[in-house]
Amino acid sequence: MQTRRIAISLSFVFVLALAGAPGAQTRWLEAYREPARRIIDESRSSTFAWDRLAELGDTFGNRLSGSENLDAAIKWAAEQMRQDGLEHVRLDPVKVPHWVRGAESLEITAPGRHPVAMLGLGNSIGTPPDGLQADLLIVRNFQELDAAGDRPKGRIVLFNVPFTTYGETVVYRSDGPSRAAAMGAVAALVRSVGPPGLRTPHTGALRYADGQLQIPAAAVSAEDADRLQRMHNRGTRIRLRLRMEAKFLPDADSFNVIGEIRGRELPDEVVVVSGHFDSWDVGTGATDDGAGCVVSWEALRLMKKLGLRPRRTVRVVLFTNEENGLRGGLDYRERYRHQLANHVLMFESDSGVFKPTGFGFSGSDAARKTIQEIASLLHDLGTDTITASGEEADIGPSVQAASIPALSLNVDGNYFRIHHTQADTVDKIDPRDMSTAAAAIGVMAYVVADMPHRLK
Ligand SMILES: [Zn+2]
């Protein structure tokens, strides 16, 4: 097997040599086979990444913006980065929205009394203290709502839209409440944006339209949405009582956590690896996005442990407030605006860490070709497939402001089954997937930061 691979690669080089100049492109990569192997072996020889994620979740729990949990976790992360030997470890201050859920419940009050599995939507207002009670109207899409005449008036409207893709169905969570309010509804419910789980409702942010009356809004589990739909189809008149204490407090102090390995030759040129450290206030934010933070951070820890100091600086950023404000990503763009032209690549992992398959990439064709060449070092990990579009939320503002090449981690797993739910805990994540992802990110970040030519 080994012999055959060498034979193939030799003949490949020979063909390239006959074709002319491109042969040089594979030669520079040869120097990275050995360090790539060391990074992969170091990462895969332990469960360090998973253990760190478990410690984060077990100790600090979920980490909504403005919470004491997030604050304590941020300070812990900075301290751990220092212990890892990272350089220029710092906390960049960011003011963040401070939404609190408070107590909440939803019940069928007629016929009979039955609790419904629900989670208030992030950024929602609350109900009056005694809750609000109203008849239920179910619609299957926005067209049905728009055609409903005055039937939504005074009612609680449920958008019962089965999950297809996140992009297609998340609009009912973000825009549904204001669309229902415009038709006179007193509250809005959405079928959880995720595939059926085990009666797990999914929270997530809503976005009230400007100038529109705000109404309280919550997600119900897929199973409860189905039950309500069956009752509705039988012609049953359903009455519901929704109670929510949700509200905003004044903006709170938070921080982006940053650590670096300074470049040995071109320290002003920066490769960023990142995730977002805040989470929703349910579960422990393990897959969204504790795992993404830890595997990105691992890239630097692995380099430090192995004594690899690349030509350019590698910077890990744990962004705050992705979930309900994106203030961390926006602050980064403003604070480092003067450095953005020297950002060689920005990577973010925010699609969970399940079985890694490779990376998404946005950038020039030439840069894509280089990323593809580097990915060949990851063939044995099964993480060498490069797909279109590498942009994630927090790096988005900087990437767009300075046309920075963007990279994201692709994984094969049930991210949307648990994200934004009480089930987002570390036990859903395989330690092997964590160490594989960390290895792949580590190799990618190291080679891009160290290679003789800048990624363009
Ligand atoms: Zn996320």
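The rules behind the values
- Residues numbered from 1 in each chain as written.
- Predicted model: local features only at pLDDT ≥ 70, side-chain atom pairs only at ≥ 80, totals over all residues.
- Heavy atoms only, no water.
- Helix = DSSP H or I, 4+ residues; strand = E, 2+ residues; numbered from the N terminus.
- Buried < 20%, exposed > 50% of the residue type's maximum accessible area, 1.4 Å probe, protein only.
- Phe/Tyr/Trp six-rings, centres within 6.5 Å; stacked < 30°, edge-to-face > 60°.

Colleague: Please explain unusual backbone geometry as it appears in this structure.
Modeller: Apart from glycine, the bulk of residues carry a negative phi angle, and the bulk of peptide bonds sit in the trans form. A cis amide bond links Ala110 with the next residue in sequence, Pro111, at an omega value of 0°. Among the structural elements, Pro111 can be located in the loop between strand S2 (104-110) and strand S3 (114-115). The omega angle of the peptide bond from Asp288 to Asp289 is 0°, so this bond is cis rather than trans. Along the polypeptide, Asp289 turns up in helix H9 (residues 286-306). At His88, a position not held by glycine, the phi torsion is positive, near 50°. We note that Ser403 has phi near 50°; this positive angle belongs to a residue other than glycine. Topologically, Ser403 is positioned in the loop between helix H12 (396-402) and strand S16 (406-412). On the accessibility criterion, Ser403 (66% relative accessible area) is exposed.

Colleague: Hey, could you run me through the packing of aromatic side chains in this one?
Modeller: How two aromatic rings sit relative to each other is set out by the distance from centre to centre and by the angle between their planes. In total, this model carries 14 aromatic pairs according to the counting rule given. Each ring, one from Tyr32 and one from Tyr446, has its centre 6.1 Å from the other, and the planes form 75°; the classification is edge-to-face. Here Tyr32, found in the loop between helix H2 (23-30) and helix H3 (33-44), pairs with Tyr446, found in helix H14 (residues 431-450); they are 414 residues apart in sequence, far enough to count as distant. Note on Tyr446: relative accessible area 7%, which makes it buried. On the numbers, 5.0 Å between centres and 65° between planes, the contact of Tyr415 with Phe416 is edge-to-face.

Bear in mind that shape data such as this cannot, by itself, settle questions of function.
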